[in-house]
Amino acid sequence: MKKSVSTLKFADRVKRIKTSASVNESPTEKLIRELREENAKLMKLLGGQGVPADLAPSGGEVSEEEKDRIRKELEDELRAQMTQNQAELDDARKTFQEKLEASRKELAKEKEELRRRHSEDEKRKKRPYLWNLNEDPALSGIVCHVIERTKVLIGKSEKCNIKLQGLSIMDEHAIIEVDSDHIFITCGKDAKINLNGDALTTKSELQHNDRLVFSSGHVYVLHHPYQFKKAQKEGKTFAPVTWMKCKLKSQRNLAGM
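Moving on: the sheet that holds strand β6 (residues 182–187). Ordered by their spatial adjacency, five strands build an open sheet running β4-β3-β5-β6-β9, and the pairing between neighbours is mixed. Every interior strand has two partners, whereas the edge strands, β4 (162–163) and β9 (204–206), have only one. Where strand β5 (residues 174–179) lies against β6, six bridges are found, and the strand directions are antiparallel. From the neighbouring strand, Val-178 faces β6, where its bridge partner is Ile-183.

This is how it looks when you write it as structure tokens:
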């Protein structure tokens, strides 16, 4: 019996619940709709559907001229309100269009960035590249320089293919040359470069996972896709490149140069 009473009470509460449907619209869309509805009402008034025919106040008489004057004032006020509403409506539409256009531009920008990244990924599968090594592992590999030419100039000069900045970076700090599947690096005049912990003094051939320190602030690692795939086929593995292993030895050697 208690269960039946509880069920009936619950059913009674459910019956009292009222739901109302609402249109899912943005504040801008709501404003545009309300302005349109208000202008439609004002148009009806100007069309004679809402302007009162008898404008005489209760308990008094008003001449026809006075009625015409009052009616004209009302119509002028209605037109002024319509003009203001239309201006707000145009402004709301403009704001909406501007936001829409900004969203389209942002979407196009994101698509272009995705295409660019896809293109870069495809290049890295086929071409050697230098990737940055950072003390923070999350920041390593953020900067990549794909070696697409047979001769790549590295330095701070505007004509360099790979631009580096720093007080001890030379205008032409290094030259990388590609000959088939072989990659060579040559140190520029008065430039300091460290290769795998040793000072670079002569033209040297680079291998996959070689560590390069330009001056003392730019640390890069070479990824050589041909050598990497060849090593995989032969069952060889490469030791992971770490910041401590590369940087500490490089700093000691550069300090003694």
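Now that the structure has been shown, we can carry on.
All right, on to the sheet that holds strand β11 (residues 218–223) then. Taken in spatial order, the six strands make up an open sheet running β2-β1-β11-β10-β7-β8, and their pairing is antiparallel. Looking at which strands have only one partner, the edges of the open sheet turn out to be β2 (144–146) and β8 (198–199). Across two bridges, the pairing between strand β7 (residues 193–195) and β8 is antiparallel. Opposite Leu-195, over in β8, you have Asp-198 as the bridge partner.

Turning to the pairing of strand β10 (residues 211–214), a few remarks are in order. Where burial is concerned, the two faces of β10 agree: the one with Arg-211 and Val-213 and the one with Leu-212 and Phe-214 are both buried. Sheet analysis places β7 next to β10, joined by three bridges and oriented antiparallel. Its bridge partner being in β10, Leu-195 is matched across the sheet by Leu-212. Bridge count between β10 and β11: four bridges; the pairing is antiparallel. Its bridge partner lying in β11, Arg-211 is registered against Val-221.

Attention shifts here to helix α4 (residues 225–233). Buried within α4 we find Pro-225, Gln-227 and Ala-231. Projected down its long axis, α4 carries its buried residues within an arc of 165°, all on one side. Of the exposed residues in α4, the ones pointing more than 90 degrees away from its buried face are Gln-232 and Lys-233.

A separate point is the packing of aromatic side chains. For the structure shown, the criterion picks out two aromatic pairs. When the centroid spacing of 6.2 Å and the interplanar angle of 70° are considered together, the rings of Phe-214 and Tyr-220 count as edge-to-face. Taken as a pair, Phe-214 and Tyr-220 share a single burial class, namely buried. It is Lys-203 that lies over the ring of Phe-184; its NZ or CZ is 5.3 Å from the centre.

All right, on to the pattern of salt bridges then. The full count for this structure, using the stated rule, is three salt bridges. The residue Lys-236 makes a salt bridge to Glu-234 at a minimum N-O spacing of 3.3 Å. Look at Lys-236 and you get exposed, because its relative accessible area is 54%. In this structure Glu-234 comes out as partly exposed when scored by relative accessible area, which is 45%.

On the surface, Glu-34, Glu-38, Glu-88, Asp-90, Asp-91 and Glu-98 cluster together to form a negatively charged patch. If you list the elements that add at least two residues to the negative patch, you get α2 (27–46) and α3 (64–126). Here the negative patch takes four residues from α3, the largest share from any one element. Considering the arrangement of structural elements, one finds Glu-38 in helix α2.

The rules behind each value
Residues numbered from 1 in each chain as written. Predicted model: local features only at pLDDT ≥ 70, side-chain atom pairs only at ≥ 80, totals over all residues. Heavy atoms only, no water. Pairing = 2+ DSSP bridges. Helix = DSSP H or I, 4+ residues; strand = E, 2+ residues; numbered from the N terminus. Buried < 20%, exposed > 50% of the residue type's maximum accessible area, 1.4 Å probe, protein only. Arc of directions from axis to C-beta. Phe/Tyr/Trp six-rings, centres within 6.5 Å; stacked < 30°, edge-to-face > 60°. Lys NZ or Arg CZ within 6 Å of the ring centre and 35° of its normal. Salt bridge = Lys/Arg side-chain N within 4 Å of Asp/Glu carboxyl O. Patch = residues over 30% accessible without salt bridge, like charges linked within 9 Å, V, L, I, M, F, W, Y side chains within 5 Å. Areas by Shrake-Rupley, 256 points an atom, 1.4 Å probe, with all protein chains shown as cover. Lys, Arg positive; Asp, Glu negative; His and termini not counted. Charge placed at Lys NZ, Arg CZ, Asp CG, Glu CD.

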